[in-house]
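The chain contents come next:
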Amino acid sequence: MVAVADDWSEQRRAAVEAKAELAARARAEDVGRARVLVAEARLRGLETCPLLVRAGDSSDTYRSGLVGWYLRRDGSLGVADDGEMYVLSAPRSLRSRFRGVTLVPDEPRMQAGIGGRDGESVALATLLELRLAAGDEWPIVR
């Protein structure tokens, strides 16, 4: 009886590992394709500006020290000069108001906004098309 349980648990462990490896490979491919799209968009030479970070749900903003262009009209997603994509939001903080915030780049995905609220998930290709079509006329609505 113990040997059967050990065999079953070993099979389950192997199945879980295989599934995790497959998911990691799929994510890496997704990120790779998204990086290519972002790199192609950067070559179009959009005008850059300092990227501001939204403070929670308020209209307050913090400095990020990054320069680039916004990908979403609400200013929640941007691409910096280093080619990395950043989610431009941070918790409200008095310290951040005076010192700014340090952001960590987010891996670009082919579907921007995965895991967000309904209607926030949009194909990265669509976002880039809209942004490039607008050129430097891209007003940010906070």
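All residue numbers refer to position in the chain's written sequence, counted from 1. For a predicted model such as this one, the threshold for reporting local features is a pLDDT of at least 70, and the threshold for listing and counting side-chain atom pairs is 80 or more; totals across whole chains, interfaces and linings nevertheless cover every residue. Excluding hydrogens and water, the side-chain values take into account all heavy atoms of the structure.

### What to know about the sheet that holds strand β2 (residues 61-70)
Strand pairing is assigned whenever DSSP detects at least two bridges linking the two strands. Going along the chain from the N terminus, every DSSP run of H or I of four or more residues is numbered as a helix, and every run of E of two or more is numbered as a strand. Ordered by their spatial adjacency, five strands build an open sheet running β4-β3-β2-β1-β5, and the pairing between neighbours is mixed. The open sheet terminates on both sides in strands that have one partner only, identified here as β4 (85-87) and β5 (89-90). With three bridges joining them, strand β3 (residues 77-80) and β4 adopt antiparallel strand pairing. The partner of G78 across the bridge, within β4, is Y86.

### Some points on the pattern of salt bridges
By convention in these notes, a salt bridge is any Lys or Arg side-chain nitrogen within 4 Å of a carboxyl oxygen on Asp or Glu. The full count for this structure, using the stated rule, is 10 salt bridges. For R13, the salt bridge goes to E17, with nearest N and O atoms at 2.4 Å. Of the two residues, R13 and E17 are both situated in helix α1 (residues 2-42); the distance of four residues between them amounts to about one turn of the helix. We call a residue buried when its accessible area falls under 20% of the maximum for its residue type, exposed when it is over 50%, and partly exposed in between, using a 1.4 Å probe and counting protein chains only. Judged by its relative accessible area of 39%, R13 falls in the partly exposed class.

Nothing here speaks to function; it is all geometry.
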